[in-house]
Amino acid sequence: MLRRLDSRSADFRQALDAVLSLELREDPQVAVTVQDIIAQVRARGDEAVMALTQKFDRCEFAQPSAMEVAPEALKGAFVALPEETRNALEAACERIRDYHNRQETEDLLYEDGQGNRLGQRWTPVDRAGVYVPGGRAAYPSSVLMTVVPARCAGVREVVLVVPTPGGERNQSVLAAAHVAGADRVFTIGGAQAVAALAYGTETIPQVDKIVGPGNAYVAAAKRQVFGQVGIDSIAGPSEVLVIADRSAPAEWVALDLFSQAEHDEMAQALLISPDPAVLDAVEGAMGQLLEALPRKDIIRASLEARGAAILVRDMEEAAEIANRVAAEHLELMVAEPQELLASIRHAGAIFVGSHTAEVLGDYVAGPSHVLPTYGTARFSSPLSVYDFKKRTSIIDLTAKGASTLAATAQHLAETEGLSAHAAAAAARRSNF
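Before going into details, it helps to say that this report is about the structure given with it. (Residues numbered from 1 in each chain as written. Predicted model: local features only at pLDDT ≥ 70, side-chain atom pairs only at ≥ 80, totals over all residues. Heavy atoms only, no water.)

## Re the overall build of the chain
Basically, it comes down to this: Secondary structure elements follow DSSP: runs of H or I no shorter than four residues count as helices, runs of E no shorter than two count as strands, and numbering proceeds from the N terminus. Should any heavy atoms of two residues lie within 4.5 Å, those residues are counted as being in contact. Neither His nor the chain ends contribute to the count of charged residues, in which Lys and Arg are positive and Asp and Glu negative. Just so you know, the charge point we use is NZ for Lys, CZ for Arg, CG for Asp and CD for Glu.
Across its full length, the chain holds 17 helices and 15 strands. Once the C-alpha set of the chain is aligned to its principal axes, its extents read approximately 80 × 60 × 45 Å. Once local pairs closer than 6 in sequence are excluded, the contacts in the chain between residues at least 24 apart make up 73%. Counting 40 positive and 57 negative side-chain charges, the chain places the averaged centre of each group 5 Å from the other.

## Description of the packing of aromatic side chains
Note the following rule: Each Phe, Tyr or Trp ring, with Trp reduced to its six-membered ring, pairs with another whose centre is within 6.5 Å; inter-plane angles below 30 degrees give stacked pairs, above 60 give edge-to-face pairs, and intermediate values give tilted ones.
For the structure shown, the criterion picks out one aromatic pair. Relative to Tyr 386, the ring of Trp 122 has its centre 6.2 Å away and its plane inclined at 55°; by these criteria the two rings are tilted. One end of the pair, Trp 122, is in strand S4 (residues 117-124); the other, Tyr 386, is in the loop between helix H15 (358-363) and strand S15 (389-396), with 264 residues separating them in the sequence.

## A look at a nonpolar patch on the surface
Worth spelling out the cut-off: Residues enter patches when they are more than 30% accessible in relative terms and free of salt bridges; like-charged ones are connected within 9 Å and nonpolar ones (Val, Leu, Ile, Met, Phe, Trp, Tyr) within 5 Å. To measure how exposed things are, a 1.4 Å probe is used in the Shrake-Rupley method; for residues, cover is taken only from the protein chains shown. Any Lys or Arg side-chain nitrogen located within 4 Å of an Asp or Glu carboxyl oxygen qualifies as a salt bridge.
Residues Val 359, Leu 360 and Tyr 363 make up a contiguous nonpolar surface patch of about 270 Å² in total accessible area. Relative to the helices and strands, Val 359 resides in helix H15.

## Details of helix H3 (residues 46-57)
What counts is decided by this rule: Between the first and last residue of a helix there are one fewer steps than residues, each counted as 1.5 Å, and that sum is the expected span. Under the scheme applied here, a residue whose accessible area is under 20% of the maximum for its type counts as buried, over 50% as exposed, and between as partly exposed, the area being computed with a 1.4 Å probe on protein chains only.
In this model H3 runs 16 Å from its N-terminal to its C-terminal C-alpha over 12 residues, within 8% of the 16 Å that 1.5 Å per residue would give. Considered for burial, the residues of H3 that qualify are Asp 46, Ala 48, Val 49, Met 50, Leu 52, Thr 53 and Asp 57. The elements touched by buried residues of H3 are helix H2 (28-44) and helix H8 (190-199). Arg 58, located one to two residues past H3, shows a positive phi value of around 55°.

Quick look at the structure:
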């Protein structure tokens, strides 16, 4: 089920690159289609959004206001859920809120030797747009993981969009929007929803930043509206990398690999160990457990296409490969995980120890499960409060400080041939 790679093999690097390789360049036809959708929304607003939603999602609205779910309906969806589900949503929300409230964004202000005050101030965006996937699956957890950090950041208005194919609203998603505190919820999706958030329509408000994963058309739309609005990232297929030794129960490892593989056929599940017996045991557990899972065909296709079991020399090499992969989820299922943790530089989220299952991070641990994928953890971070805030530089000069700095500024401006800059600096010299 999992192809075997051995770091001692002469062609290991090429073999690993082949496993990691994934063509993520935008399909030119998708880009053209999305460009047309955005143009329609910009030109015709609500009319275009409604027509495109009917075309792609088979969801028809009698009037523009029908696209929005009233707050009373969100609350009603929550109340109608079984008590156990309500409790689960509230418990997860509370943990996610507690974690993100601890992310500090303190202002900075200091005074230099000339009495000048310099620093930075953090302020939230005024309005954030959250895209929650819909269609083949519904994700109330993604509502919590995106809306709650925005609320903790102090965003004034959070606008959520979620597709409802065939007009069927997922009540768990609507209930999660109520629990998380979304201000407005619209049952639209696809590139038209992204365009509506980016440019605004008569009914849908324009936002400052759009976050959340989606399909290829959503990803293309986010690329094309970037600059008009901010975006968090372009999400790729889900990934997990497990580093395991004999202390890890083989069944646990197998199930954690399955939990990512079941997302879709392009998801990636990798296993690394310096012990061939561990690889054998996990492979055996997979064979015993897979047939009982409803999504076994998707899991099998994912593992065969992009999965691998990698034998390495030692844990040091395992860490090197993990940093090369920079996986969305990295599990350290080893006897001494803290020692290994110190060697990890690149990962979206690190799950320390065999008890720390990735699924617990997906739903309830606290940090957002919206994570960098496809190696972008080398330079990107998980969704957080910081995504909904921006820094503004504060420069407050005294007359003496301005005069002192002006000579240097004037010289550099003249060096660059910017005479007005130089004159503006010169006007501040000896003016105190």
